[in-house]
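# Structural overview for review
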Amino acid sequence: MSAPRPSIELAQAVRSGARAAVDVVGEHLAAIEAGDGAVHAFNLVTAEQARDQAAAVDRMVAEGGDPGPLAGVPIALKDNLCTRGVPTTCSSRILEGWLPPYDATVVTRLRRAGAVVVGKTNMDEFAMGSSTEGSAFGPTHNPHDTSRVPGGSSGGSAAAVAAGFAPLALGSDTGGSIRQPAALCGVVGMKPTYGTVSRYGLVAFASSLDQIGPLATTVADAALLFDVIGGHDPADSTSLNRPSPRVLSVLDDGVAGLAVGVLTEFLEGAAPDVVARVREAAEACAAAGATVQEVSVPVVHLGLSAYYLISPGEASSNLARYDGVRYGLRVDAEDTVAMNTATRSAGFGAEVKRRIMLGTYVLSAGYMDAYYNQALRVRTKTIEGFDAAYACCDVLLGPTSPTTAFPLGSKTGDPLAMYQSDVCTIPSNLAGHPAISIPFGPGDDGLPVGVQVLGPALSEGTLFRVAAVVEAAAPPLLPLGSAGEVRS
Amino acid sequence: MKPGWEMVVGLEVHCELKTASKLFCGCRNMFGDEPNTNVCPVCLGLPGSLPVLNARAVEMAMAIGTALLCEIRPSTFHRKNYFYPDQAKDYQISQYDEPINVNGHLDLPDGTRVGIERAHMEEDTGKTTHAGASGRIHGADYSLVDYNRSGVPLVEIVSRPDMRSSAQARAYATELRAVLVASGASDGKMEEGSMRVDANVSVRRSTADPFGTRCEIKNLNSVRSLGRAVDYEADRQIELIESGDQVVQQTRHWDEDAGRTVALRSKEEAYDYRYFLEPDLVPLVPDAEWTNAVAAAMGPMPAARRARLIELLGDAGGRAESQADQVATVVDLGLDDLVTTAVAAGVTSALALARTANEAATDADAARRLDPDSYVSLLTMEASGSLTATQAKAVLADLLAAGGGDPAAIAAAKGFEAMSEDSLATAVAEVVAAHPDEWGRYRDGEDKLAGFLTGAVMKATRGQADAKAVGAELRRLRG
């Protein structure tokens, strides 16, 4: 059986002339118009440009050309991806009014593949958060239950896909920011191996951890999107110089003979209904011919602590440039230093300030070795810990998030509780490894559960094969809006 | 320098590399263009932009390392974090604890060996102009920032504290400049800021004493400023110590007009730059093939070229000092070939050196492009007497301006034909007849009137006569 691939079928219909891209895009714009008031997935809907771009796709088809593998497929972009002439805010006041003069490399690749950008999605400010409540423009709501968070920081992208506003979206993942919202919104989300997708044009949060990745309704669609955006980019020095990945072509190869390890540390802190879903997914792998065993990687316990030293350190430097001198917000004051201070005080939200202060501290003379450098040693240990696990397993299996979507406002007063939300996703970022979250039925509360598949560097092909098997075995999610009825 | 004291000087020299493009982007690296025209998302530090290392800049840094006999090694880049409006990202990408070049040295013409601790790569900042009476950021009405210089490649060359006088400091800066130019990495223009010098100065009573507390002096815009500032600072520190005070470790600013250094900030006020490994770049590991290719492409360094010229020119006959200056100028400007070609063609070494160091040097760029054959034929015409020195200089100026040409044709076009012996004799005779008093006094032994009579002949012939030939004719007539 072949994995479901709605975006791919949509593109094929447009390429063959069976469907007009303007109609496809028009339907999605109408859905956004009707539904985004309750969800607030988008910071900006680029309806006019989307219609123009769709018309251009149709003209190309009419003239006998091929607009590409994503012809006419609507896509939503996280608002930290630079789009030429279109506001890119990172959901921050400090970037108000800034129009990037260039497209991110991934945006260029999407346009060349025929995809149509329908808008820029909401996020935690500068991607720092796990609920999208950190946006300066108000939170995004989970389409499954609008009293719940969509996760974060790519909550807008995940909610847009879950709500049917766009079949595809891009997010960025520094500590789980694609996978965790994908899990909480019941969609597929994948963080690629560090260096496989160009970061050129991704507004940096923590450069050594950030990766752009796909969100989609199905594993096959995510695979195609990854194939389109991946591959070497000379504009990003950390981009791996290797041929473009091709995961779509191996998607149906199955898992017979693969060794799947269930990561015990990830099960320990997870809710019982989430753990039960992970075990069901493991059984599905075994039924498809994989060998399944429990595996321990003790060092992942240290991941969260190391992450909250490394990522703020880098962020404190990356976010220094928002000083009111060249672009974005400027709050005038009597001299330059006072202007810098006034601008940054007014332009950044509380969580961003917290992390800048934390990061400045951990890089300071006298503290760097105890904190930042110590965290780098944990990072090395994390890679070694995974290496040991991958000596006996091809992939690891665990939950994406320890819980399903939590109520809006329930963790905003307790940053440490919020940070715990990424405990299962952070280790892959520290190691630079790929990982994918696949929706696996509802939890006891009726909300989506995400199962995560982790693999060593450049194991995307294997990862997607396992993901396709997990997807095929997954119980269906409840219809949007019905999770509340389960609980009542 | 007060007796009983020794100064200790180490220099940090920032050298802008003369690459076509910037260190981390493709923007033009060009001094003096319209402000903010050579900029892009990368060198403006726009959100989402990323640096990509310029391979040509790496080659030039390796050339500098080779010229300074450094060990060239695998290196990394760090971020140096501090807020300043002309710092586009509010951090500078610089090499920190793993620089590309370490442990070299530079020998000064007086034989002193100055150790080179490191020569590392970094990016330049933009340039801020403060409008208002002070010209500094404090008290400015507003400030303008030009990012054309933002991201221009620099190599910072850090010497060991091996200099003991302002003369040595000046000699080091002069020799280093010549080496940077010769290595092809820099144009060495201090006045355009492509070479910038900071001096670390301390004093002590005896060579056996440990180093004293040092001060770093910034804003040294010429070799002359360097010498003055170092002397001033050493004297200031000696006075402090002798009056019972202590030298405080400081960064100080050289005020050229006032001729003194003023405190900028103390060690306690020094920035915490929060250096950490630049995550947007990967380690730079040049292989042996690359470093060898860079070394193989380099010509000889100034010291070797000066030695070669002096050997070629032979005994200077008591003019050793002026010849050494002329040789230094020729090597500094890269005009060695003009001198060696002329001497090989039989032109006297004195003439070849003088015309090259004095006249060709006035437009060195054009002189380096000049066809050596036409230069040689010009000097040969002068040496044989068919052109006077004045005429030869005029023809050379035309050759340089036109980028070449046939000196004989230019001389002919200017009417510079050497006078025949007959017409020269006639011209002299006419002058003698016209000035009987002066001629009489000259004939009676008043030699200084030769100058008056020669001048009169030159005027009458509109400079066409050869002054030496006129003098000879006058002496012949006197008998």
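Only a predicted model underlies this, so the values are computations on that prediction, with no experimental measurement involved.

Our next topic: the overall build of chain A. Along chain A, the regular secondary structure elements total 17 helices and eleven strands. Scaling as 2.2 N^0.38, a compact globule of 488 residues should have a C-alpha radius of gyration of about 23 Å, and chain A matches this with 21 Å. In terms of principal-axis extent, the alpha carbons of chain A reach across some 70 × 55 × 55 Å. The buried share among the 488 residues of chain A stands at 64%. Considering only contacts in chain A between residues 6 or more positions apart, those separated by 24 or more positions represent 77%.

Residue and element names in this part refer to chain A. With an omega of 10°, the peptide bond running from G152 to S153 counts as cis. Structurally, S153 can be placed in the loop between strand 3 (116–121) and helix 5 (155–162). The backbone of S91 sits at a positive phi, close to 50°, despite the residue not being glycine. Here S91 is to be found in the loop between strand 2 (74–78) and helix 4 (105–112). Of the residues examined, S91 has 31 C-beta atoms within 10 Å and is grouped as buried. The backbone of T132 shows a phi angle near 65°, a positive value even though the residue is not glycine. Along the chain, T132 falls in the loop between strand 3 and helix 5.

Examined at the domain level, chain B breaks down into domain 1 (6–296), domain 2 (302–413) and domain 3 (421–478). Averaged C-alpha coordinates put domain 1 of chain B and domain 3 of chain B at centres separated by 60 Å.

The next point concerns the sheet that holds strand 4 (residues 168–173) of chain A. The pairing of strands in a sheet happens through backbone hydrogen bonds and is either parallel or antiparallel. Residues and elements named next belong to chain A. Here eleven strands make up an open sheet; going across it, the order is 1-3-2-4-6-5-10-11-9-7-8 and the pairing mixed. The sheet is open, and its two edges are formed by strand 1 (42–45) and strand 8 (291–295), each paired on a single side. The sheet shows a mean angle of 25° between the axes of neighbouring strands, taken without regard to direction. Of the pairings in the sheet, the one linking strand 2 to strand 4 comprises three bridges and is parallel in character. Across the sheet, the residue bridging to L77 is L170, located in strand 4. Helix 2 (residues 21–39) contacts strand 1, strand 2 and strand 3 of the sheet and is inclined by roughly 20° relative to strand 3.

Turning our eyes to something else, we now look at the packing of helix 14 (residues 436–443) of chain B against helix 15 (residues 449–460) of chain B. Residues and elements named next belong to chain B. It is the contact of helix 14 with helix 15, at a shortest axis distance of 9 Å, that shows an interaxial angle of 140°. On the basis of their axis angle, the class for helix 14 and helix 15 is oblique. As helix 14 runs across helix 15, the sense of the crossing is left-handed. Contact with helix 14, carried on its side by E438, W439, R441 and Y442, involves L449, A450, F452 and L453 of helix 15 and no other residues of that element. Counted by class, the contact of helix 14 with helix 15 contains six nonpolar, no polar and two charged residues.

Conventions we followed
Residues numbered from 1 in each chain as written. Chains lettered and ligands numbered in written order. Predicted model: local features only at pLDDT ≥ 70, side-chain atom pairs only at ≥ 80, totals over all residues. Helix = DSSP H or I, 4+ residues; strand = E, 2+ residues; numbered from the N terminus. Rg over C-alpha atoms; globule rule 2.2 N^0.38 Å. Buried ≥ 20, exposed ≤ 12 C-beta atoms within 10 Å, placed from the backbone. Contact = placed C-beta atoms within 7 Å. Domains from an automatic or database assignment. Pairing = 2+ DSSP bridges. Axes fitted to C-alpha atoms, helices over the stretch in contact; angles between N-to-C directions. Parallel < 35°, antiparallel > 145°, perpendicular 65-115°, else oblique. Left-handed = near helix turned anticlockwise from the far one by under 90°. Nonpolar A, V, L, I, M, F, W, Y, C, P; charged D, E, K, R; others polar.

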